[in-house]
Amino acid sequence: MPLPPSFERYKQARAVLTIAAGDTQLQLVLDAIAASLLPSIEVAPEPDDAYPELTQAFAKILESNRKSLAEDQIGLSFVACQGAIRRTYAQMKAFDEAYGGTKQPMQTLPFLLENEVEGWPTAQAAIWHAGNYFKHRDDWPADRTKLTKREKPTWEAVKKLGVGSGSKTPMLECLIAVCGAGELHDLVPMLGAHIGAWRHLCANVCRSNLGLPL
């Protein structure tokens, strides 16, 4: 019979599983946000015979408010995902310090994030930059050519996702670019699946470099 693995190997394997598992909080948050997203409001309801213009104007205000609220809710979803990415990065950093299993420089945030596929940001990179854009865009100069070295990568990433200087629904555009077209309450929870896939990628890098079974 083969000998049981050493306690050290057990600790390594357990640490890798922790990275892969992540936490349940992210999905709970995304599901809650998805459940709170309001259905679309018809912009042109049956007009009041006495005040048709007023009825139309009120409906447009409602629709505008709905879109603004949805933008904030989607933006908060991206920020919640950023928190999960940071927690995974902290686990990866601790793992690297304990075992040296990543064989990657850990000074940059986040590990395995900036990879691109045929010039397009990976899902986790798109999520990260969408969250940054939601948080910091109001502080940016209107002239995007004057962005700082730290700000430019986020702007370049969201542009690839379809966001322009005049975009009225940039968070929605980023969400559709990452998750595809569909109902908002279906798309928002899908962000968690992308982060989960990325976490498993990080864990597999650790497994491979330490010679643990994938």
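Residues numbered from 1 in each chain as written. Predicted model: local features only at pLDDT ≥ 70, side-chain atom pairs only at ≥ 80, totals over all residues. Heavy atoms only, no water.

## Structural notes on the side chain of Gln82
Moving on, step 1. Position of Gln82 relative to the elements: it lies in helix 3 (residues 52-99).
Moving on, step 2. For Gln82, the side chain forms a polar contact with the side chain of Asn132, separated by 3.0 Å.
Moving on, step 3. Ignoring any residue separated from it by four or fewer positions in sequence, one finds Gln82 in contact with Ile127, Trp128, Gly131, Asn132 and Lys135. (Helix = DSSP H or I, 4+ residues; strand = E, 2+ residues; numbered from the N terminus. Polar contact = N/O pair within 3.5 Å; in protein donor to acceptor, adjacent residues only side chain to side chain. Contact = heavy atoms within 4.5 Å.)

## Digging into the nonpolar core
Moving on, step 1. Judged by nonpolar contacts, the single largest core of 45 residues is most densely connected at Phe78, Cys174, Leu175 and Leu191.
Moving on, step 2. Every element with two or more residues in this core is listed here: helix 1 (7-21), helix 2 (25-36), helix 3, helix 4 (123-136), helix 5 (152-160), helix 6 (170-179) and helix 7 (184-210).
Moving on, step 3. Counting residues per element, this core draws most heavily on helix 7, which supplies 10 residues.
Moving on, step 4. Excluding residues that lie within four positions of it along the chain, Leu175 makes contacts with Ile74, Phe78, Gly180, Leu184, Leu187, Val188 and Leu191. (Core = buried A, V, L, I, M, F, W, Y, C linked by side-chain atoms within 4.5 Å. Buried < 20%, exposed > 50% of the residue type's maximum accessible area, 1.4 Å probe, protein only.)

## Quick notes on the packing of helix 4 against helix 7
Moving on, step 1. Two elements in contact, helix 4 and helix 7, have axes separated by 9 Å at closest approach and are oriented at 125°. Between helix 4 and helix 7, the angle falls in the class oblique. At the point where helix 4 passes helix 7, the crossing takes the left-handed sense. Note on element contacts: helix 7 touches helix 4 through Leu191, His194, Ile195 and Trp198, opposite Ala123, Gln124 and Ile127.
Moving on, step 2. Of the residues belonging to the contact of helix 4 with helix 7, the class tally is 5 nonpolar, 2 polar and no charged. (Axes fitted to C-alpha atoms, helices over the stretch in contact; angles between N-to-C directions. Parallel < 35°, antiparallel > 145°, perpendicular 65-115°, else oblique. Left-handed = near helix turned anticlockwise from the far one by under 90°. Nonpolar A, V, L, I, M, F, W, Y, C, P; charged D, E, K, R; others polar.)

## Some details on the packing of helix 4 against helix 6
Moving on, step 1. The interhelical angle for the contact between helix 4 and helix 6, taken along N-to-C directions, is 175°, at an axis separation of 10 Å. It follows that helix 4 is roughly antiparallel to helix 6 by the angle criterion. Touching Ala123, Ala126, Ile127, Ala130, Tyr133 and Phe134 of helix 4 are Pro170, Met171, Cys174 and Val178, all from helix 6.
Moving on, step 2. Per-class residue counts for the contact of helix 4 with helix 6 are 10 nonpolar, no polar and no charged.

## Quick look at the packing of aromatic side chains
By convention here, two paired aromatic rings are described through the distance between centres and the angle between planes.
Moving on, step 1. Applying the stated rule across the entire model yields 3 aromatic pairs.
Moving on, step 2. Between Tyr133 and Trp140 the ring centres are 5.5 Å apart and the planes differ by 70°, which places this aromatic pair in the edge-to-face class. Of the two residues, Tyr133 and Trp140, neither departs from the other in class, the shared state being buried.
Moving on, step 3. One aromatic cluster is present, formed by Tyr133, Trp140 and Trp155 through successive ring pairs.
Moving on, step 4. Here Arg144 stacks its cationic end above the ring of Trp155, 5.1 Å away from the centre of that ring. (Phe/Tyr/Trp six-rings, centres within 6.5 Å; stacked < 30°, edge-to-face > 60°. Lys NZ or Arg CZ within 6 Å of the ring centre and 35° of its normal.)

## Observations regarding helix 6
Moving on, step 1. Those residues of helix 6 lying buried are Pro170, Met171, Cys174, Leu175, Val178 and Cys179. Looking straight down helix 6, one finds that the buried residues subtend no more than 145° of arc, so they occupy a single side.
Moving on, step 2. Once helix 6 finishes, Gly180 follows within two positions and takes phi at roughly 90°, a positive value. (Arc of directions from axis to C-beta.)

## Brief notes about the confidence of the model for the protein chain
Moving on, step 1. Across the protein chain, pLDDT averages 77, with 71% of residues at or above 70.
Moving on, step 2. Every residue in residues 41-45 scores below 50 in pLDDT, and together they form 12 contacts with partners more than four places removed in sequence or on other chains.
Moving on, step 3. Long-range and interchain partners of residues 105-111, a stretch whose pLDDT sits below 50, account for 20 contacts in this model, where long-range means more than four residues apart. (pLDDT = per-residue confidence, 0-100.)

## A word on the environment of Leu201
Moving on, step 1. By the secondary structure assignment, Leu201 is in helix 7.
Moving on, step 2. Between the alpha carbons of Leu201 and Ala20 there is a distance of 8.0 Å; along the sequence they are 181 residues apart.

## Description of the state of the cysteines
Moving on, step 1. Within this structure, the stated rule accounts for 0 disulfides.
Moving on, step 2. Distance from the sulfur of Cys81, which forms no disulfide, to the nearest cysteine sulfur (Cys179) is 8.5 Å.
Moving on, step 3. Relative accessible area serves as the criterion here: at 0%, Cys81 is assigned to the buried category. (Disulfide = S-S within 2.5 Å.)

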